[in-house]
Amino acid sequence: MKPLSSARLKTWLPLFFSISFLLIICMILALELVQGLNHYHEHAQHKMEQLSIQNALPIRRALENQQPKDIQVIIGSLSLQDELDAIVLTDEKRQILFSNRYAWRGKPLQQIIPESRQIEASQVKKFQLLDTPTGLLSIQPIEYSLSSNGLRKTKQVRLWIYLNTQRGRSAIIRQSVNNALWGLLFGSFILAGMGWVLYRQIGIPLIQLTAFSHRLAGGDYHARLSVNGNGEVAQLVDGLHQMAANVNQAIEELKSSEQRLSITLDSIGDAVMVTDTLGLVIRLNVEASKLTGWSQEEAQGRPVIEIFRIINAETREPAEHPVGRVLREGQVVGLANHTTLISKSGQEYQIADSAAPIQGEGGETLGVIMVFQDVTERYLMQSELSDTLNRLQALTNSLPDPCFVLSDQGVYLDILGGPEELLAKNREQLLGRKLTEILPPESANPIMETLQKTLTTGQPQRLEYSLQVPAGKIHFEGNTTKLNREDGAAVIWQARDITRRKRAEEDINRLAKYDTLTGLPNRRQLEHRLEQALARCQRNDNHGALLFIDLDHFKNVNDSLGHLHGDQLLIRIADRFRKLIRTEDIAARFGGDEFVLLLEDLGQDLVVASQHAESVAVKLRDACATPIDLTGHRVEVELSIGIVLFPDDANSEELIKRADIAMYRAKETGRNRACFFSKELQHIAEERLDIQRALRHALQEDELRLFVQPQVNVQGQWIGGEVLVRWQHPERGLIQPNAFIPIAEECGLISSLDSWVFSHAINKLAKQNAILPESFSRLSLNLTEPLMMRNGFIEELKSWLSQAVLEPRQLEFEITERVLVGDHAQAAAVIDDLRDLGIRFSVDDFGTGCSSLRYLQRLPLDALKIDKSFVDRLPGHTGDASIVETIIDMAGHLSLEVIAEGVETKLQLDFLIARGCKQFQGYLFARPMPWDEFFEKITKNAP
Ligand code: C2E
Ligand code: MG
Ligand code: MG
């Protein structure tokens, strides 16, 4: 389509109309002028022709009649008409005969009318009309005949009429100009009217349309132009309205499509950047803005290399730009690995993704779209993963246990870690082969079952199995984990060598059930078997018995002969028990020197059953009565046996307790005997427990009281006193030590009790120092083994002494023979230290224990206290008398003092004095008395 031309109507329209109008006026003027002139000319010609022709005849007649006047009249009348300039009648020689001016007569025509030269007179035969520049010249030949002399003579004159047309023409021109001016005036009015109409109808609409179009062009598509009528302008405005609406709608659609595109691009998690073919950024989404640090407005139009700065993460060299590559190659390119994007602010991101050309319909490249994403985290994770994999690899290689990756068919896919000798074959021989081909069926089958179970349940499984491998027969514990691999599910099989553990378990199992020393079932096993026996007896209405056996004075053996001999003795006793019982019975070692026999099937009758049990007890005692030779030492063993029959109202635990109570009773009633459990025994045992509990409380609540029994010399002077504890029980009153000291020893409270007595006695004695008579040399305190051997006892004692400000030499510690035969070296060390402080030592209850002359000699002792049991039957009992004499003699030899305990009678005293004993303690002199009473009396008795 040809381009439209456009001019400024404001200028061009009036100009155009004015010029057109002028041209029209000029044309009309010209036409009118030409027409007027033509008409004038034609009219003149016609008129001249008419005048010539009309007047030719009268002139001829006048000539023929020779009436010159008539001719002059004719010419005169002619000249009056139409302002003819010259009317001349010439002869043939063109001499003027007649003319409208008299003066011209006789003159040659050329002189008057110069234009007449143009007409050849000879050629004039008829009327002729000649246009000359100045006017019209007509010639009319007139022939006439004259009769003269009878002859008729024909002559010719010519009527010349000349009309100067210039005048006429000027008039016509003037008239035309006049007309033109009028026309111009009139036309101007019309033109102005037309202009006004045009301005109204076209100009104003055009101006408004122009303004309207400018508003539309300015984007105001809602602009409206109101038009009256339905002319072209209205149609044009309608069209424009429609067009604006369409454009607006198109723009709205474009906007919404743009918006959708923006939203879509922005909601893409990936960064998107679009460039044109020059590599200038067209747009980038929010994510791309975030990563590059450039906003859409900032980035738009800038070179992409400025916005998207990338380097190689490892070399830090600039990376090849994907946009350049796409533009060069025209195809999709992925970013190189390890690409780092440097944002505007200098922050670095690891990125990944691709760039692709945007192609038009014809396949031409319109630009490049880059899609990239921040993979920093993934990158780090990958590098961590790679590190982890490396570590894992190193770790698996160093695994102590072989780990197999097995397919669902049991094919060895991989073998990790573990020493070579734990593999059935070397790795190369195993890989790719089925374990069923390698391992014997008895191992392969359960392994395959476990493997399948792992795969079906997805849960780890465990299997213990044995395999013959180069290292020998190894017990393995297989632990499985399901492994999902790309080529299918597999199982990781960790094979742990548990051979040592297995053996240890077997050992533990054995240890758990059997006593290591004697090989007899141990306590746990006994309890277990007892429960079973109890259930059986209840079921079968049968009776059984439990014999609780304790070796009397076993501690003495242990202490005097040593633990090895003690152990030997226990082994020998166990052997004897084993031989004695029936196969269905059980002899168990319960701990220490305690054994338990479980006898089943003793019959349905309780009496018969008890007789059976008793007879077994007798057999046991008899069997042990035969001395046992322990590498040079002959030992006779006595047994205290507690018997309980079952089933009863007791469970297995209670039964053992009852048998123990019965055994305790046997011990209490003289040892080396059997004792049946009874309810009374139980009562006693329970009471003992009560005392234990109450004793703890007594210690905390200061319910203990210190009594002192005087020790006298031959003269009866109180040379010392033995501190003896009493228990002021809130309900039972004053309790004697025999009722609670053994219990305190049993339950481990004795050292606390002793330290209470020691600290209080030291403290109190220090306070009495001032009033003590000179004869009073010491206060005796009973020191038991637990306190003596207690860690830090010496320091404790020192602190009590220093706090109370008491001289150690004022104290004497009574120890029993048991302490001395125990850990001799340690006891000797303690005694040495305490002796160094100045404390005296005496051996209490001397003669009842396993005395050894060796320790009496070696230990730094001061005195021996003859036990009351020897003094009791003095002087009548010869045995005791000789023992007492021996003790006194021996003490003399060992330079030890002797003090006799339990002196109740004068006879006893005399005997003792006679044998050389110089110190005494007993009811004969005084019973134990409260502390204060003792010190009150001693001050009074003082010499
Ligand atoms: P032990 O150390 O041999 O004390 C002598 C015991 O003989 C005292 O009995 C005393 O009252 C008693 N006795 C002394 N002379 C006669 C007498 O002529 N006739 C009679 N029938 N008995 C006499 P007690 O006070 O009942 O103490 C008994 C045992 O309790 C003590 O024997 C001692 O082994 C222990 N004991 C007493 N107090 C304590 C103490 O504070 N600590 C420790 N560890 N044991 C103590
Ligand atoms: Mg004593
Ligand atoms: Mg004693």
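We now turn to the structure provided with this report. (Residues numbered from 1 in each chain as written. Chains lettered and ligands numbered in written order. Predicted model: local features only at pLDDT ≥ 70, side-chain atom pairs only at ≥ 80, totals over all residues. Heavy atoms only, no water.)

**Notes on helix H30 (residues 906-915)**
One turn of an α-helix holds 3.6 residues; hence residues three or four places apart share an orientation. Those residues of H30 that fall on the buried side of the exposure criterion are Gln908, Leu909, Phe911 and Leu912. The arc enclosing the buried residues of H30, seen along the axis, measures out at 165°, which places them on a common side. Exposed residues pointing more than 90 degrees away from the buried face of H30 are listed as Lys906, Leu907 and Ala914. Against the buried residues of H30 lie helix H28 (868-872), helix H29 (878-893), strand S32 (897-900) and strand S33 (919-920). One or two residues past the end of H30 sits Gly916, with phi positive at roughly 105°. (Buried < 20%, exposed > 50% of the residue type's maximum accessible area, 1.4 Å probe, protein only. Helix = DSSP H or I, 4+ residues; strand = E, 2+ residues; numbered from the N terminus. Arc of directions from axis to C-beta. Contact = heavy atoms within 4.5 Å.)

**Looking at the coordination of the magnesium ion (ligand 2)**
The coordination sphere of the magnesium ion (ligand 2) contains the protein donors Glu722 (OE), Asn782 (OD1), Glu814 (OE) and Asp844 (OD), at a distance range of 1.9 to 2.3 Å. Within one chain, the residues serving as donors to the magnesium ion (ligand 2) are arranged as E-x59-N-x31-E-x29-D. Separating the magnesium ion (ligand 2) from the magnesium ion (ligand 3) is a distance of 3.9 Å, and Asp844 supplies a donor atom to each of them. With a gap of 62 residues between them, Asn782 in strand S28 (residues 778-782) and Asp844 in strand S30 (residues 840-846) connect regions that are remote in the sequence. (Donors = N, O, S within 2.8 Å, 3.2 Å for Na, K, Ca; no water.)

**Structural notes on the side chain of Glu814**
The residue Glu814 is located in strand S29 (residues 811-816) in this model. One polar contact links Glu814 to Lys865, side chain to side chain, over a distance of 2.5 Å. Apart from residues no more than four positions distant in its own chain, Glu814 is found in contact with Gln711, Glu722, Ser780, Leu781, Asn782, Leu783, Ser842, Asp844 and Lys865. (Polar contact = N/O pair within 3.5 Å; in protein donor to acceptor, adjacent residues only side chain to side chain.)

**Some remarks on the site of ligand 1**
Surrounding ligand 1, one finds 23 residues, the nearest of these being Glu722, Asp844, Glu901, Glu904 and Tyr923. Val725 has a polar backbone atom sitting 3.0 Å from a nitrogen atom of ligand 1. In the environment of ligand 1, an oxygen atom lies 2.9 Å from a nitrogen or oxygen atom belonging to the side chain of Glu901. Contact with the protein chains removes 86% of the 780 Å² of surface that ligand 1 exposes when unbound. For the shell around ligand 1, the secondary structure elements donating two or more residues are strand S26 (718-729), helix H22 (750-768) and S30. Sort the elements by how many residues they give to the shell around ligand 1 and S26 lands first, with four residues. Partitioned by chemical class, the residues of the shell around ligand 1 number eight nonpolar, six polar and nine charged. (Near = heavy atom within 4 Å. Areas by Shrake-Rupley, 256 points an atom, 1.4 Å probe, with all protein chains shown as cover. Nonpolar A, V, L, I, M, F, W, Y, C, P; charged D, E, K, R; others polar.)

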